Each structure stands twice: as structure tokens, then as C-alpha cells.
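Here's the letter readout for the chains.
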Amino acid sequence: MIASSRDPDREGLAVAIALLVSLAIGSALMLAAGKSPGHVWWLMVQRTLFTDAYSLGQVIYKATALVLTGLSVSVALDAGLFNIGGEGQVLAGVVACAITGAALPASTPAALAIPLCIVVAAAAGALVGGVIGVMRVWRGAHEVITSIMLNSIVAGIALWLGNELLFQNGTTTGPAIVPGAELPQLGFGGSSANLSVVLALAAVVALWWLRARTTWGQALLAVGRDPAAARATGISVGRVQIYAMLAAGALAGLAATNFVMGHEHAFEEGLGRGIGFLGISAALLGRMNPFGIVAASLLLGFLASGGLAVGQEVPKELTEMLQGVVVLAIASAGPIARRYARQAAAARPSQVNHEGAS
Amino acid sequence: MIAAELDKSYPGCRVLAGATLAVAPNTVHALVGENGAGKSTLVKILAGIVPADGGTLTIAGAAVELAAWDRRAARRAQIAIVQQHGAFAGSLTVVENAVLGAEPIRRGLLDLKPTAAALAALGERLGLAIDPWARVDRLSLGAAQRAEIVTALHAGARLLILDEPTAVLAPIEVEGLLRMMRELARAGTAIVFVTHKLDEVRAIADAVTVLRAGRTVAVFGHAGSAGTERRVAADVTADVTADVTADRTADVIDAHAIARAMVGGELPAQTSIPAPAGAAKIVLALRGVSVAGDLAAAPAPGLATHAAAGRAGAAVAIAMREGTMTRPDPHAHALDAIELTVRAGELVGVAGVDGNGQRELALAIAGLAPYAGTIELAGRDLAGRTPRQRLAAGLAHVPEDRQRGGLVLDASVADNLTLGRTDITGRFRIDRAAVARFADARIAELDIRPAARGAIARSLSGGNQQKVVIGRELSRPHLAAVIAAQPTRGVDLGAVARIHDQLRAAARGGAGVLVISADLDELLGLCHRVVVMLRGRIVGERAGTELRSGDARAALGELMTGSARGAA
């Protein structure tokens with residue numbers, strides 16, 4: 001219930017302002033590239049959403065992973081921790097999931113292989129996230145520092161494991177996972193979209209329910225907003241923060257199911273790279289609300305996939321820049337929205353006369 | 001000198017609705033009112049900190065353009081303010097703060113020495129001893145406040161606004177401050193003195209303006225100082241008007257009439273409850289409890305409070321005209337072998353100047369600070385028990401700072417009322433119907449305003465915020481002991497009465513209640529027994545009829561300041 005206490009009008013206004021600003025800046029960039037913005041935007045929408053099923057499938061594929069890494073960032077931030085270790089947590093999930101999937105006997109049934117690989121991916125991510133949480137709570141090491149460093153450490157371990165054990169004769173691809181561990185594709189013109197989207201949506205609903213309807217969520221948000229108040233009411237701040245980082249790591253690790261079990265079916269150098277950082281954008285854009293993160297992930301997925309779809313018209317880099325523009329706009333839209341909300345409230349005759357000065 | 005009629009609204013809340021204030025030269029003008037009446041907003045507008053929405057402002061006969069009225073304009077007009085929580089940067093020295101924004105440069109280098117010397121000299125002359133070279137966060141709250149006052153006067157203030165300056169001071173410090181205000185007024189600086197405390201008003205104010213709900217509801221004045229400025233707003237009840245008239249003839253400022261104007265009616269009757277029999281069960285016992293002195297200097301994560309800043313300067317000696325009072329040595333024990341018992345049904349007060357171990361006492365009992373010695377709750381040793389286990393075992397804890405530690409300000413009233421209260425919410429899944437019922441019951445019981453369980457705690461006034469904390473803590477089931485730290489600090493009179501009622505009700509219900517307060521009068525009116533803390537020890541105690549005798553206040557005050565014979 002603490003989650004519901006933010007002003008929804010203001011949040012919506014901030015997002016709307018940010019999107020309008022991004023649209024304007026994107027249009028200016030297209031003009032600078034010598035293209036008609038209206039034409040390019042229309043092509044992007046048309047191809048991605050209507051004519052090209054593959055592009056739409058890629059939006060879903062990208063958004064699936066973004067939802068999970070976005071939730072990962074938001075659940076940590078709920079507890080007052082800035083988890084920028086999504087990269088390492090995703091990669092840990094990818095490596096563990098791929099190794100487990102490949103090590104299973106070829107005849108392992110899906111009913112066993114799929115849950116096992118999902119659990120391993122989540123556990124590997126949770127391990128990395130948990131280390132960050134424990135170092136923060138027990139040793140006071142700042143999570144931004146430790147999570148950046150763990151990104152490097154996990155990347156090193158992954159590459160080392162790949163070179164020593166996994167990469168097959170001269171390639172940078174590891175052995176394939178068993179067929180039983182593969183998640184079914186959703187079709188969409190042979191796109192990479194796959195059934196892990198169900199997992200992501202289940203995580204969204206579960207997290208919304210936990211935050212809004214349970215004492216765990218109440219404790220989580222209390223710790224993030226006022227640790228001293230949480231302590232005074234008997235909540236163990238350290239324990240909640242460690243649990244939050246375990247959950248954050250597990251969510252990021254689950255993104256591996258999208259990449260390994262749903263698409264690549266093996267560990268590959270660079271698989272899933274960037275999705276952990278982009279999850280920060282999804283979480284910011286989604287205003288830390290689970291459903292908002294779904295919408296934000298779809299938008300970011302649309303920009304990425306749409307950028308490829310109009311690749312002949314404008315350089316791909318332009319739509320990559322747009323993803324950054326959206327995040328910058330949302331980060332600066334909060335104060336503007338607040339001012340508008342204030343003016344709107346001042347224009348209205350005051351309905352409530354609560355004593356609230358001093 | 002200055003006359004103002006001002007409007008100000010925040011979203012959803014009209015703070016000032018044509019509030020008027022007229023201050024005559026050479027006077028101390030008290031501005032009183034309940035929390036949320038708009039006092040702070042009014043003086044912040046005068047000082048240019050907050051813009052007004054509308055109204056008029058006249059300074060020394062000249063009308064001021066309100067749209068262009070800001071901090072700098074106020075400074076040019078020589079209006080200075082010392083705010084409730086101080087405005088100095090803690091990591092800078094007093095003199096560095098004094099020159100901030102107008103740094104004196106000599107040969108390209110910052111030259112602080114002349115300013116420091118001037119500040120020290122001015123302080124000396126005013127009897128406000130300050131050390132210009134002391135870092136502000138090493139100063140006690142009182143010393144930091146003195147430094148701000150001297151700095152404001154150094155800049156040449158014709159009008160000095162003091163926003164609740166006495167809230168954190170010991171009685172002896174308050175006396176010094178009041179005397180200083182008197183002398184400043186005589187020397188030509190008009191003073192606006194914002195306060196809750198009517199005895200202070202009676203002691204020094206030449207005139208009084210009473211605000212209620214953003215309006216000026218009454219103006220009282222000593223004859224001879226500002227005889228013509230008395231005006232009463234139209235909505236004041238006839239009986240207040242009658243009182244004002246009575247004042248005029250009596251030629252005194254009647255504290256009772258002011259109090260009635262503030263709350264708009266009679267104060268709830270304060271009924272004391274009988275002390276428990278000597279044989280009543282001991283519900284809270286502290287035996288040889290000590291807490292290390294570096295707690296405030298190195299707070300555990302999430303434990304820091306504003307008090308840390310004040311306490312960090314514990315070693316600083318406060319030199320005062322009345323004598324020298326030393327703060328505890330930070331390397332000594334913050335709490336030193338405390339022996340204290342509270343019986344069922346007993347209200348025990350802990351008096352003392354802020355920073356003498358009261359904070360650590362509360363934290364140790366609540367399990368929020370590590371301690372040596374034994375604390376027993378209802379006969380059971382609490383060693384090794386977590387805060388949650390202590391609360392479950394029958395303890396209620398009202399933390400000293402409602403804004404940091406008492407409430408989650410960005411959460412709703414209902415959330416704050418049920419935070420950690422798994423007896424209401426259920427262990428895992430929140431029983432929303434039960435939460436709503438519980439929240440509505442507490443809101444009705446304590447008259448929390450606005451009466452909306454979904455309201456964000458931040459939007460409530462201080463008094464209502466504190467009612468939320470009280471509502472959560474004192475409604476715990478099977479209460480054995482209550483520890484209430486500064487339960488009415490910065491809270492308006494109506495809320496004080498309700499909070500006191502709740503504390504008495506807890507005692508009547510069989511809990512032992514320990515009330516920590518810097519306000520000695522509060523403890524004298526509420527408690528069966530008052531102990532005094534100084535430098536981490538209990539240095540004295542008064543109980544029962546001793547508290548009702550005329551000299552109890554003076555005796556306890558001497559103990560608090562360490563000036564009593566044989567104490568310390």
C-alpha cells in the first residue's frame with residue numbers, strides 16, 4: 001500500500017512530458033539527417049507494429065528481458081539500493097543456465113529441464129546480487145561500487161570459462177543446451193520472441209502483489225524510504241536489504257531464460273550484453289512501478305526494433321541515441337511535472353482545508 | 001516598523017488567509033499559534049524565503065513590491081531570521097557561514113580574521129559568547145543558535161525574527177535568550193518571536209499576535225508600547241474579544257486568553273491519575289545500563305538523527321553569563337550505569353538538557369543501540385532481543401524525531417499507523433479491511449487531521465504527524481512499558497493534550513510509562529516521578545507531592561544544568 005502513495009497524476013504527467021520532448025528531439029535528429037521526421041516515424045510504427053511480424057516479435061523479445069532487468073533495478077531501489085549490477089547478474093544467469101542446459105542428458109524431458117534451468121538462472125543471478133547485498137549490509141561497501149566491480153568480475157569469469165571449457169573449436173559459442181530445455185518460440189515471422197515472456201509477466205504481477213498487498217512489500221518500501229523508521233518499528237533493515245538484492249539478482253538472472261532457453265540455445269560471447277544497463281532506463285522510465293516498467297520496456301524495445309526496421313532510411317545510431325534521449329527526458333521531467341501539478345492545484349479552489357503549514 | 005497582510009497557499013491547503021502582523025520599533029512581538037496555524041510560513045515570507053501569493057507588506061512606512069520580495073531584498077531591508085532548525089552549513093565554521101555569499105577578499109585571498117574578531121566582539125557585548133572559528137556541526141544546538149543570532153545582528157538587522165528559538169534549549173539557556181531579546185529590543189532591534197510557550201510570551205513580549213488557521217484572530221499588547229495596534233479579526237468569538245478588553249484594563253498579557261484564542265475554545269481538561277501503589281509490579285527495570293559514547297559520532301546505518309549534529313559537539317563548553325555548563329565528553333559513556341525502575345501504572349519523567357544521554361536511554365531500551373548491563377521488561381531480561389521481539393514483548397517506543405525515525409513521510413497515514421503492526425495487518429498478506437478499520441479508529445480517537453487514512457504523512461502538520469506515531473505505538477496490544485521520547489516537541493496545544501491523554505490512558509491500562517522531555521513543565525504536569533539526567537547519569541529525582549511544591553521546578557532545573565550542590 002505504500003506503493004500507491006505516490007501521486008499518479010504527476011507520474012503520468014512526467015512521462016507524457018518526457019515522451020513529447022523525446023519525440024521532438026528525435027524529429028530534430030531526423031531532420032538533421034536529412035529525412036522527413038513524419039515519414040520516418042510513420043515507417044517505424046507501420047513496419048514494427050503492423051506490416052512486419054518479425055519486427056514486432058523482436059520488440060517482444062527485447063522487452064521480455066528488459067522487464068526482468070527493470071524489475072531487478074526497481075526492487076533494489078525500493079529497499080534504497082541502486083543496483084547497477086544487472087549486467088553481471090544477467091551474465092551469471094546466462095552462463096549458469098547454458099552450462100546446466102548443456103550438461104543435462106540429451107533425453108531429459110522438458111518438464112524437468114525447463115524448471116531446472118530457470119531455477120539455476122535465477123539462483124546464479126541471486127548469488128551475484130546477494131554478494132552485493134551482503135557486502136553492503138555487513139561491511140558497509142557501497143552497492144554502486146561493488147556492483148560495477150562485480151560486473152567486471154563476472155564478465156572475466158564468463159570469458160575465462162568460455163575459453164577454457166565452453167567455446168567450440170575456434171568459435172565464441174558454447175555447446176547447445178538439450179532440446180528439452182528449449183522454450184517454445186512464439187512465431188512472429190521467425191523472430192526470437194519466446195515463452196519466457198510468460199515468466200516476465202508473472203514476475204510483474206508477483207512483484208506488484210508483494211509490494212502492494214503484503215507486509216513484505218510494506219517493509220521493503222519502508223526500508224527504502226526511511227530506514228530509521230523501519231528499524232524503530234521492528235523491521236530488520238539489513239535483512240530486508242539482503243533479501244531485496246537476492247530478489248534483484250534473481251530477476252536479472254531470469255533474463256537468461258529469454259536469451260539462452262528461448263533464443264540462442266547456447267552460451268555465446270556477448271549474449272544479453274547491455275540489457276542490464278538498459279534495465280535501469282526501463283525502471284526509471286516506468287517510474288519504479290511494475291506495470292509502468294512493462295510499458296517502458298515495450299517502448300524501449302520498439303525503439304530498438306523499429307530502428308532496425310527503418311535502417312535504410314536513417315542510421316541505426318540515431319534510434320540508439322533516442323533510447324538515451326528518452327531516459328534523459330524522463331530524468332528531468334519530474335520537477336517540471338511537479339510545477340505544473342502545483343499550478344493546477346493552485347488554480348483549483350482548495351477543496352480540502354487540512355491544517356498543514358508550519 | 002513593519003506591517004503585513006499576507007496570503008499563501010500550498011497545493012490543497014490554504015496556509016495564510018489575510019494574516020496580519022504589525023510590529024512596532026523597539027518591541028518584542030510574540031507570534032503564537034498552534035502547529036499549522038501558519039506562523040512559520042508568515043515569518044518565512046517576511047524574511048523573503050517563501051514568496052507570498054498576495055497581500056501587502058509595508059516596511060518603515062513604505063509599501064514593498066511583494067513579487068520582487070526575496071531573500072536579498074529582505075537583507076537589504078535589514079530583516080534577519082534565525083530559523084527553527086538553523087540555516088548554517090554544518091561543515092563550515094561560524095565565521096565562514098557569516099561571510100557566505102559576500103566573502104571579504106584581501107590581496108586575492110579570503111580574509112576572515114576581521115569578521116571573526118567583529119563577531120566575537122559583538123557576541124561579547126551582547127553577552128552571547130561564541131567562538132567564530134568553531135565548526136557549526138561541533139556546536140551544541142544552543143551554541144549554534146547563538147552564533148546565528150550574532151551573525152544576523154552583525155549583518156545589521158533592524159528586525160530579527162526568531163522561529164521557535166527556545167524549543168531545544170535548557171531553562172537556563174532560555175532565560176539568557178529572553179534577556180538578550182529584551183536588551184536587543186531596547187537597543188533598537190525589533191524582534192518577532194515565534195513560540196508555543198505562553199510563559200515565555202508572558203515574560204517578555206510587548207505585543208502578541210495570535211494566528212489560527214492562517215488568520216490573525218487576536219492581537220494583545222502592553223499598554224504604552226503599542227496601544228493603537230490592537231485589532232481583532234471578525235471571526236473571533238465574543239468571549240475572546242471580551243478577554244482582550246479585559247486585558248486592556250488589566251494592562252497585562254493574559255496567557256489564558258491567548259491560549260483560548262490559539263485553540264479557539266477551552267483546552268481539554270488535564271486530569272492527573274493517581275500514582276500506583278508502592279507494591280505495583282515493576283514493569284521496566286534498568287540495572288547498570290551503559291552505552292558507549294561514540295554512538296552519535298558513528299551512528300549505525302539508518303540510525304542517524306538530527307540530534308547527532310547537536311551531540312557531536314558534546315565536548316564544547318557552553319560559556320554563559322550565568323556560569324559555565326559543560327557538555328558530556330564524547331569519549332565518556334553516553335549512558336553511564338543507569339539504574340531506573342518503572343512500576344505498572346506509573347508515569348516517570350526523564351528531564352535534562354538535550355544530549356545528556358536521553359536519546360541513548362530510549363534507543364537502548366528499544367534495542368536500537370548496543371548496551372552493557374541489564375534491561376528487564378515485565379521481569380524478563382531483554383538481552384539479545386531484537387527491536388521486533390521487544391515490541392512483541394509489550395514495549396511501545398515513540399522515537400524522538402517523528403520525521404526521521406518515527407514515520408515514513410512518503411507513506412500514507414494508514415501505512416504509518418500499521419507499520420510493523422502485524423497484529424493488525426496479518427503476518428504476510430495485508431488484511432486491508434482490518435487496516436482501514438484500525439486506521440479510521442485511530443484517526444477518530446486522536447482527531448488526526450485531515451481525517452483521511454490515505455493522506456501522505458508528509459502533508460500533515462507536526463502535531464498530526466506526532467498523533468500518527470502515538471496512535472501506532474500506544475495502541476499495541478498487551479502493553480507492559482512505554483518509552484516516549486520528546487512526545488510533544490513542536491506540537492500544538494490541542495495535540496499536546498491528546499497525546500498526554502493517551503500516555504495517561506496507557507498508564508491507567510497498567511503500563512509503566514517513561515516520558516523523556518526537554519520541557520520540564522510538561523513532565524511536572526504529567527508525571528508521578530521525575531528523574532534528571534546529566535552527562536549520561538541520573539543525578540536526581542523528585543516524586544509525588546515534591547513535584548507539586550513551588551520549588552520543584554527550580555530544584556530540577558539546577559540539577560539539569562549541573563549547578564545544584566552535590567550534583568555531578
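Criteria and cut-off values
Residues numbered from 1 in each chain as written. Chains lettered and ligands numbered in written order. Predicted model: local features only at pLDDT ≥ 70, side-chain atom pairs only at ≥ 80, totals over all residues. Pairing = 2+ DSSP bridges. Helix = DSSP H or I, 4+ residues; strand = E, 2+ residues; numbered from the N terminus. Axes fitted to C-alpha atoms, helices over the stretch in contact; angles between N-to-C directions. Contact = placed C-beta atoms within 7 Å. Core = buried A, V, L, I, M, F, W, Y, C linked by C-beta atoms within 7 Å. Buried ≥ 20, exposed ≤ 12 C-beta atoms within 10 Å, placed from the backbone. pLDDT = per-residue confidence, 0-100.

**Some remarks on the sheet that holds strand S20 (residues 395–398) of chain B**
Residue and element names in this part refer to chain B.
Here's step 1: Judged by pairing direction, the sheet is mixed, and its six strands sit side by side in the order S20-S21-S22-S17-S23-S24 without closing on themselves. The open sheet has two free edges, formed respectively by S20 and strand S24 (537–543), since each of these has just one partner strand. Taking the axes of each pair of neighbouring strands and ignoring which way they run, one obtains an average angle of 15° across the sheet.
Here's step 2: Across five bridges, the pairing between strand S21 (residues 481–485) and strand S22 (residues 512–516) is parallel. Among the inter-strand pairings, Val482 is bridged to a residue of S22, identified as Val513.
Here's step 3: Taken strand by strand, helix H11 (residues 358–366) contacts strand S17 (347–351), S20, S21, S22 and strand S23 (529–534), and its axis lies near 145° from that of S21.

**Quick notes on the nonpolar core**
Here's step 1: By size, the foremost hydrophobic cluster in this structure holds 275 residues, and its most contacted members are A:Val94, B:Val482, B:Val513 and B:Val515.
Here's step 2: Counting residues per element, this core draws most heavily on helix H10 (residues 237–264) of chain A, which supplies 17 residues.
Here's step 3: In this view, B:Val513 contacts B:Leu347, B:Val348, B:Val482, B:Ala484, B:Leu503, B:Ala506 and B:Ala507; residues no more than four positions away in its chain are not counted.
Here's step 4: Counting seven residues, the second-largest nonpolar core is a separate cluster that includes A:Met30, A:Val40, A:Met44 and A:Val310.

**Here we look at the environment of B:Val530**
Here's step 1: Mapped onto the fold, B:Val530 is located in strand S23.
Here's step 2: B:Val530 has contacts with B:Gly349, B:Ala351, B:Leu523, B:Leu524, B:Glu541, B:Arg542, B:Leu547 and B:Leu556, leaving out every residue within four places of it along the chain.

**As for unusual backbone geometry**
Here's step 1: Residues B:Arg449 and B:Pro450 are joined by a peptide bond in cis, for which omega reads 0°.
Here's step 2: The residue B:Pro450 is located in the loop between helix H16 (432–446) and helix H17 (462–473) in this model.
Here's step 3: The phi dihedral of A:His265 falls on the positive side, at around 60°, and the residue is not glycine.
Here's step 4: For B:Arg107, which is not glycine, the phi dihedral falls at a positive 50°.
Here's step 5: Summarising the element assignment, B:Arg107 is placed in the loop between strand S7 (105–106) and strand S8 (109–110).

**Looking at helix H1 (residues 39–46) of chain B**
All names here are of chain B.
Here's step 1: Within H1, seven of the eight residues are buried, leaving the element largely enclosed by the surrounding structure.
Here's step 2: Those residues of H1 not exposed but buried are Lys39, Ser40, Thr41, Leu42, Val43, Ile45 and Leu46.
Here's step 3: One or two positions beyond H1, positive phi appears at Gly48, with a value near 80°.

**Some points on the confidence of the model for chain B**
All names here are of chain B.
Here's step 1: For chain B, per-residue confidence averages 79 on the pLDDT scale, and 82% of positions sit at 70 or higher.
Here's step 2: Across chain B, the element-wise mean pLDDT spans from 27 in strand S14 (residues 317–320) up to 96 in S20.
Here's step 3: Every residue in residues 223–251 scores below 50 in pLDDT, and together they form 48 contacts with partners more than four places removed in sequence or on other chains.
Here's step 4: Across the interface, the model reports ipTM at 0.81; the global pTM reads 0.73.

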